[in-house]
Amino acid sequence: MSRVSLEGQVAVVTGAARGVGELLARKLSARGAKVALVGLEPDVLKDVASRLHTESDHWYADVTDHAAMAQVAQEVKQRFGKVDIVVANAGVAGGGPFIDSDPESWRRVIEVNLIGSAVTARAFLPVLMESRGYLLQIASLAAITPAPMMSAYCASKSGVEAFAHSLRAEVGYKGVRVGVGYLSWTDTDMVRGADQDDVMRELRQRLPWPSNRTYPLGPAVDRIVAGIERRSSHVYAQWWLRGMQSIRGYLPMVIGSVGQREMKRFEPRLGSVPKGLVGSGGAADEKARSAS
């Protein structure tokens, strides 16, 4: 599909304070899009907005809050006159064995990543229908293949992938295109936070190539921007992820076999894995919840 110019278009990015969201906002702005930033850190969002090339603004909101996100959608429409693009990027992660996980942190990963994406879509679909716009749901390699020590994250990303596919069928005839973005391990605060734990880092390093390396953020976001310009149904932030789709049916069996071996190897050290959300984004989420 040919690319659509982003000049003058209005893009909403959730989870825009750092990582994929922050760099995506900058690259969309550099291509002429007006950008609405949504997140839990107003001071950080304000700083990001101040460095964009085009007209922008920021909103404090928890993506799991229906009323708050509906208000954001209304205010973004009032501020910019329309919404052409929504990127449901907000997400958190935690790791470790499910049986020893903190129930609240486990649930929060599902709430933010899956429920928050649905709340975002519910809030913005009416304005996207007006503009015949594009919703990009950020998923993950975790949606394509399961992995031990990541049960909540894998469940949430598999969920948002299925949600986006269902939504595409529902709203396509109304002119709204829906895409799913897939990223492998990318150099973000979330991944660096997970790597601070020795067990999680070593377990990831034992994955087969090319899924065992961390990829630079810039090229990954460039691919996402290109997908947005094409209004793509599938956007792959790393080149090899497209090929994973053809073999995904075999992956649960492979991961189940290899994963058991690795879990047995790491079992004496599993008790040391942190049980909360990882990275600065996780800390920001916990801080916002404790303040509410």
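Structure: above.
Okay, so let's go over this structure.

What follows is about the overall build of the protein. A count of helical and extended segments in the protein gives 12 helices and seven strands. For 292 residues, the compact-globule estimate of 2.2 N^0.38 gives 19 Å, and the C-alpha radius of gyration of the protein, at 18 Å, lies within 12% of that figure. The principal-axis extent of the C-alpha atoms belonging to the protein is close to 55 × 45 × 30 Å. Scored against the burial criterion, the 292 residues of the protein give a buried share of 51%. Put simply, of all contacts in the protein between residues at least 6 apart along the chain, 71% involve residues at least 24 apart.

Now for the packing of helix H3 (residues 66–80) against helix H4 (residues 103–131). One way to put it is that H3 packs onto H4 with a least axis distance of 8 Å and a crossing angle of 25 degrees. With respect to each other, H3 and H4 are oriented roughly parallel. In the packing of H3 onto H4, the handedness of the crossing is right-handed. Residues His-66, Met-69, Ala-70, Val-72, Ala-73, Val-76 and Lys-77 of H3 form the contact with H4, whose own contacting residues are Val-119, Thr-120, Arg-122, Ala-123, Phe-124, Val-127 and Glu-130. For the contact of H3 with H4, the per-class residue count stands at nine nonpolar, two polar and three charged.

Judged by how many residues are buried, strand E5 (residues 134–138) sits mostly within the fold: five of five residues are covered. Residues Tyr-134, Leu-136 and Ile-138 point to one face of E5 and Leu-135 and Gln-137 to the other, with burial holding for every one of them. Here E5 pairs with strand E6 (residues 177–182) via five bridges, running parallel. Looking at E6, one finds that Ile-138 is bridged to Gly-181.

Turning to the environment of Ala-147, a few remarks are in order. With respect to the helices and strands, Ala-147 occurs in the loop between helix H5 (141–144) and helix H6 (151–171). Taking C-alpha positions, Ala-147 is 24 Å from Val-221, a pair spaced 74 residues apart along the chain. Once you skip the residues sitting within four places of it in the chain, Ala-147 turns out to touch Cys-154 and Ile-255.

Relative to the assigned elements, Thr-188 resides in the loop between E6 and helix H7 (189–195). Overall, the relative accessible area of 11% leaves Thr-188 in the buried class. Among residues more than four places away in sequence, those in contact with Thr-188 are Gly-19, Val-20 and Leu-217.

A few words on the nonpolar core. Among the nonpolar cores identified, the biggest contains 61 residues, and Val-12, Met-69, Val-76, Val-83, Phe-124 and Tyr-182 are the most heavily contacted of them. Considering each element in turn, this core owes the most residues, nine residues, to H4. When residues no more than four places from it in sequence are discounted, the contact partners of Val-76 are Val-10, Val-12, Ala-36, Trp-59, Gly-81, Lys-82, Val-83 and Phe-124. Membership of the second largest hydrophobic core comes to 31 residues, among which are Leu-24, Leu-28, Leu-45 and Ala-49.

Close contact between H4 and H6 brings their axes to 8 Å; oriented N to C, the two are set at 20 degrees. Between H4 and H6, the interaxial angle falls into the category roughly parallel. The two elements H4 and H6 meet at a crossing, and its hand is right-handed. Contacts between H4 and H6 involve Trp-106, Val-109, Ile-110, Asn-113, Leu-114, Ser-117, Ala-118, Ala-121, Leu-125 and Met-129 on the former and, on the latter, Ser-151, Ala-152, Tyr-153, Ala-155, Ser-156, Lys-157, Gly-159, Val-160, Phe-163, Leu-167 and Val-171. Across the contact of H4 with H6, the residue classes tally to 15 nonpolar, five polar and one charged.

A separate point is unusual backbone geometry. Glycine aside, residues mostly have negative phi, and peptide bonds are mostly found in the trans state. One non-glycine residue, Arg-132, lies in positive phi territory at about 55 degrees. When you line up the elements, Arg-132 lands in the loop between H4 and E5. Positive phi, normally seen in glycine, also occurs at Arg-231, with a value near 55 degrees. When you line up the elements, Arg-231 lands in the loop between helix H9 (217–230) and strand E7 (234–236).

Counted residue by residue, strand E1 (residues 10–14) has five buried out of five residues, so it is predominantly covered. Judged by which residues are buried, E1 turns out to be covered on both faces: Val-10, Val-12 and Thr-14 on one side and Ala-11 and Val-13 on the other are all buried. In this sheet, strand E4 (residues 85–88) lies alongside E1 in parallel orientation, the contact comprising three bridges. Directly across from Val-12, in E4, lies its bridge partner Val-86.

Once that is clear, we can look at a nonpolar patch on the surface. A contiguous nonpolar surface patch, about 490 Å² in accessible area, is contributed by Ile-247, Tyr-250, Met-253, Val-254 and Val-258. Mapped onto the secondary structure, Ile-247 falls in the loop between helix H10 (241–244) and helix H11 (251–266).

Moving on: the packing of aromatic side chains. All chains considered together, the criterion is met by three aromatic pairs. Pairing Phe-98 with Trp-106 gives two aromatic rings, centres 5.5 Å apart and planes at 70 degrees, and the pair type is edge-to-face. Take Phe-98: its relative accessible area is 53%, and that puts it in the exposed class. Where Tyr-215 meets Trp-240, the ring centres are 6.1 Å apart and the plane angle is 40 degrees; that geometry is what we call tilted. Taken as a pair, Tyr-215 in the loop between helix H8 (198–205) and H9 and Trp-240 in the loop between E7 and H10 lie far apart in primary sequence, 25 residues in all.

Conventions we followed
Residues numbered from 1 in each chain as written. Predicted model: local features only at pLDDT ≥ 70, side-chain atom pairs only at ≥ 80, totals over all residues. Heavy atoms only, no water. Helix = DSSP H or I, 4+ residues; strand = E, 2+ residues; numbered from the N terminus. Rg over C-alpha atoms; globule rule 2.2 N^0.38 Å. Buried < 20%, exposed > 50% of the residue type's maximum accessible area, 1.4 Å probe, protein only. Contact = heavy atoms within 4.5 Å. Axes fitted to C-alpha atoms, helices over the stretch in contact; angles between N-to-C directions. Parallel < 35°, antiparallel > 145°, perpendicular 65-115°, else oblique. Left-handed = near helix turned anticlockwise from the far one by under 90°. Nonpolar A, V, L, I, M, F, W, Y, C, P; charged D, E, K, R; others polar. Pairing = 2+ DSSP bridges. Core = buried A, V, L, I, M, F, W, Y, C linked by side-chain atoms within 4.5 Å. Patch = residues over 30% accessible without salt bridge, like charges linked within 9 Å, V, L, I, M, F, W, Y side chains within 5 Å. Areas by Shrake-Rupley, 256 points an atom, 1.4 Å probe, with all protein chains shown as cover. Salt bridge = Lys/Arg side-chain N within 4 Å of Asp/Glu carboxyl O. Phe/Tyr/Trp six-rings, centres within 6.5 Å; stacked < 30°, edge-to-face > 60°.

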